[in-house]
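The residues making up each chain are set out below.
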Amino acid sequence: MAKENPADRRYSREHEWAKDNGDGTITTGITDYAQEMLTDIVYVELPALGKKVRQGETIAVVESVKSVSDVYSPVSGEVIDVNGVLENKPELINQDAFGEGWIAKVRMDDPGELKNLLDAAAYTSFLQEIGH
Amino acid sequence: MQRTPLYDRHLKLGARMIDFGGWEMPVQYTTVIDEHRATREAAGLFDTCHMGEIDVTGPGSYAFLQRVLSRDLAGMTDGRMRLSLLTDHRGGIIDDLTVYRLGDDRYRLVTNAVTKDKDLIWLRRVVQQEGFSGVEIMDVTDRTGKLDLQGPRSAEILQSLVADSLSGLKFYDFIETEILGLGAVVSRSGYTGEDGFEVYVPAEAVGKVWDKILEAGTPLGLKPAGLGARDTLRLEAGMMLYGNEMNESVTPFEVVYGWATDLKKDFIGSEALRKQKGQGIRRKLTGFELTGRGIARHGYAVFKNGRAIGEVTSGTFSPTLQKAIGMAFVPVEHSEPGTQVDIRIRDNRAEARVVPLPFYKRKIV
C-alpha cells in the first residue's frame, strides 16, 4: 500500500509532488504511488542546473528494470538544485519518495501555478478514481 | 487477449499483467529484481503455457524435419532435445525452437508464443508444396500446460513431485514420466542460464502442478517469476529473444546461432546460408556494457566516431552485474570485444564497450 500523501505539498495528475519552500522555490519528486507502480528504480537522469522548464515539461527521467518514465515539472522555472545522491542510490525514490528521494528544486517563475495542482485530499481521491 | 490456465492464480498472487504477443501474462509479482535474484540464488517458477507445442508424427516426420530445421537430427536418440531454427529460403529466421525426440517418428517442437501460428502455416505449406507424406502436424498448445522451474534448487524441488529420478538427466535430456499421477514430460533445460527444467503436463492439471511446486519450493526460496525477470535472466545469459534479436531478415550467422546451423545437410535456407558464409556477413550481434551513464534500450542507435552504425536489440539494467548491458547489431569490423562505441540515450551519447557473450555464467558445482 502506498504511503499517505503528505498535506504539506501539492500534486500533479502525473504523480509528481511540489513542496513550496516559502522562498520562491519548490522541491519536487514523484509520489509514493508512482514509485510503487514503477518498482525497482535503477536509474535517474537528473536535469542540468540552470535548466529552464515549463510546467508539465520533462524535468527528469526515472527508469525501472523494465520501463523508462518521464518526470514532469509541476511548475515553470529554473532548476537550482538536484538530488545528486540519486545518481548512485536511485532506490532512495522507492524507499522514501516524499523525502530522501526528492529529485530537484525549482525557482518558480510564477507561484500562482501552484494553484493548478491538487492538494493532498484531491490527489488521494484522484488515485481512487483511477482505481487505486 | 488469450489467457493461460494459470491466469486466476497470477491475479491472486498480485501479479501485474501485460500483453505479450496477444497473451495476458504476468510481468512481475513482486519486483523484477526480487524474482531475478530468487531464480539465481534458489529457484523461480514461470508460467510458459503461452509457448507453442507442435507435435510432428508419422513415418515421414524425420525426413520432413531434416528439411525444415537448420539443425541435423541425425544421431539424435529418444529422450534428447536440441535447439534449432526454422529458416526460410533466404536463410532468414522464422523461429528459434527446441525439438524433442519422443520416438522414432514422434517429435515435438516447442516454439515461441508469438511465432507459433506462423510456424504452423509454414510447416503445413512445406508439406504440401514439397509433397511430403506420412507427416502429421498437430498444434497441441491448448491442451499442453508448460511450466519452467529454474534455478540451483530446481532439482530438489521438482524431485519430490516426479515419479522418476531426475538425477540422471543431463542438460537437454528429457523423460516422459508422471507428476501427480498424470503423464508429463520433463526436460533439463530453460531460458535463464541456470540449472532447471521445462515441465509439460495436461493443461487441465497445470494449476495443480503449479500449486504443488510452489508449496514444495517456497520453503527453499522459490518464488513465482514473471516475464520481466525472464527477460533480464535470459539477457544476462546471452540468450536471444525472437522479435528483438531475430526476425525473418536476420540470418543465423549474424546472430549467435552459427552452431545451430548444420550446413553439411540440405535444408530450406541452407543454400543461401552457405553462400552467406562464403561471402562473409556484414553485421554481427554483439554484447555490450555501458561504461557511461544510463540504460540502453531496444531500438536505441549505436554510434562509432559520430556515425550511426547499428541498433540496440535488447538492453536492460543487469540485476546480477549491477550495470547496464545489452545486445546490438553492429558492422562486423566493430564487433570485436573491447571496441568502444556510443549509444544515444535521449539527448546524450553514453559510452559503451563491446564485450563477449554471455554476460553471466553460472558456477558449475
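Residues numbered from 1 in each chain as written. Chains lettered and ligands numbered in written order. Predicted model: local features only at pLDDT ≥ 70, side-chain atom pairs only at ≥ 80, totals over all residues.

Moving on to the overall build of chain A. Scanning chain A from N- to C-terminus turns up 3 helices and 9 strands. For chain A, the α and β elements follow one another from N to C terminus as β-β-β-α-β-β-β-β-β-α-β-α. Relative to the 2.2 N^0.38 estimate, which gives 14 Å for 132 residues, the radius of gyration of chain A is 14 Å and therefore close to what a compact globule would have. Each of the three principal axes of chain A carries a C-alpha extent, and together these read 35 × 35 × 20 Å. In chain A, which comprises 132 residues, the share counted as buried stands at 45%. Sequence separation of 24 or more characterises 63% of the internal contacts of chain A that already satisfy a separation of 6 or more. (Helix = DSSP H or I, 4+ residues; strand = E, 2+ residues; numbered from the N terminus. Rg over C-alpha atoms; globule rule 2.2 N^0.38 Å. Buried ≥ 20, exposed ≤ 12 C-beta atoms within 10 Å, placed from the backbone. Contact = placed C-beta atoms within 7 Å.)

Here we take up the sheet that holds strand β10 (residues 174–179) of chain B. All names here are of chain B. Strand order in the open sheet formed by 6 strands is β10-β11-β12-β9-β3-β13, and the pairing between neighbours is mixed. Of all the strands in the sheet, the pair left with one neighbour each is β10 and β13 (222–224). Strand-to-strand twist across the sheet, computed as the mean angle between neighbouring axes with direction ignored, equals 25°. Summarising the sheet, strand β3 (residues 43–47) and strand β9 (residues 144–150) pair through 4 bridges and their orientation is antiparallel. Residue Asp 47 lies in a different strand from β9, and its bridge partner there is Leu 147. Helix-sheet contacts for helix α6 (residues 206–217) involve β3, β9, β10, β12 (196–202) and β13, and the interaxial angle to β9 is about 15°. (Pairing = 2+ DSSP bridges. Axes fitted to C-alpha atoms, helices over the stretch in contact; angles between N-to-C directions.)

Moving on: the packing of helix α2 (residues 32–41) of chain B against helix α7 (residues 227–236) of chain B. All names here are of chain B. Two numbers describe how α2 lies on α7: the axes approach to 8 Å, and their chain directions differ by 55°. As summarised for this structure, α2 and α7 are arranged oblique, according to the angle between their axes. Classified by chirality, the crossing of α7 by α2 is right-handed. Facing Val 32, Glu 35, His 36 and Thr 39 of α2, the residues of α7 in contact are Gly 228, Ala 229, Thr 232 and Leu 233. (Parallel < 35°, antiparallel > 145°, perpendicular 65-115°, else oblique. Left-handed = near helix turned anticlockwise from the far one by under 90°.)

This next bit is on the interface of chain A and chain B. Contacts between the two partners involve 10 residues from chain A and, on the opposite side, 14 residues from chain B. Elements that contribute at least two residues to the side of chain A that touches chain B include exactly β4 (41–45) and β6 (58–64) of chain A. With 3 residues, β4 of chain A is the largest single contributor of residues to the side of chain A that touches chain B. Counted by class, the side of chain A that touches chain B contains 5 nonpolar, 1 polar and 4 charged residues. (Nonpolar A, V, L, I, M, F, W, Y, C, P; charged D, E, K, R; others polar.)

Quick look at the sheet that holds strand β9 (residues 104–108) of chain A now. All names here are of chain A. Taken in spatial order, the 6 strands make up an open sheet running β1-β2-β3-β9-β8-β5, and their pairing is antiparallel. Bordering the open sheet on either side are β1 (10–11) and β5 (52–53), each of which pairs with just one other strand. Sheet topology note: the β1/strand β2 (residues 16–20) ladder contains 2 bridges and is antiparallel. Residue pairing in the sheet places Arg 10 in a bridge with Ala 18 of β2.

Here we take up the domain arrangement of chain B. Residue and element names in this part refer to chain B. The domain architecture assigned to chain B consists of domain 1 (7–51 + 142–236), domain 2 (52–139) and domain 3 (282–355). Computed from C-alpha atoms alone, the centre-to-centre distance between domain 1 and domain 2 is 24 Å. Listed per partner, the contact involves 12 residues of domain 1 and 13 residues of domain 2. When grouped by side-chain class, the residues that make up the side of domain 1 that touches domain 2 number 6 nonpolar, 5 polar and 1 charged. (Domains from an automatic or database assignment.)

This paragraph deals with the environment of Thr 111 of chain B. Residues and elements named next belong to chain B. One can find Thr 111 in strand β7 (residues 106–111). Sequence separation between Thr 111 and Val 354 is 243 residues, and the spatial gap between their C-alpha atoms is 30 Å. Aside from chain neighbours lying at most four places away, what touches Thr 111 is Met 51, Gly 52, Ile 54, Asp 95, Leu 97, Lys 116 and Asp 119.

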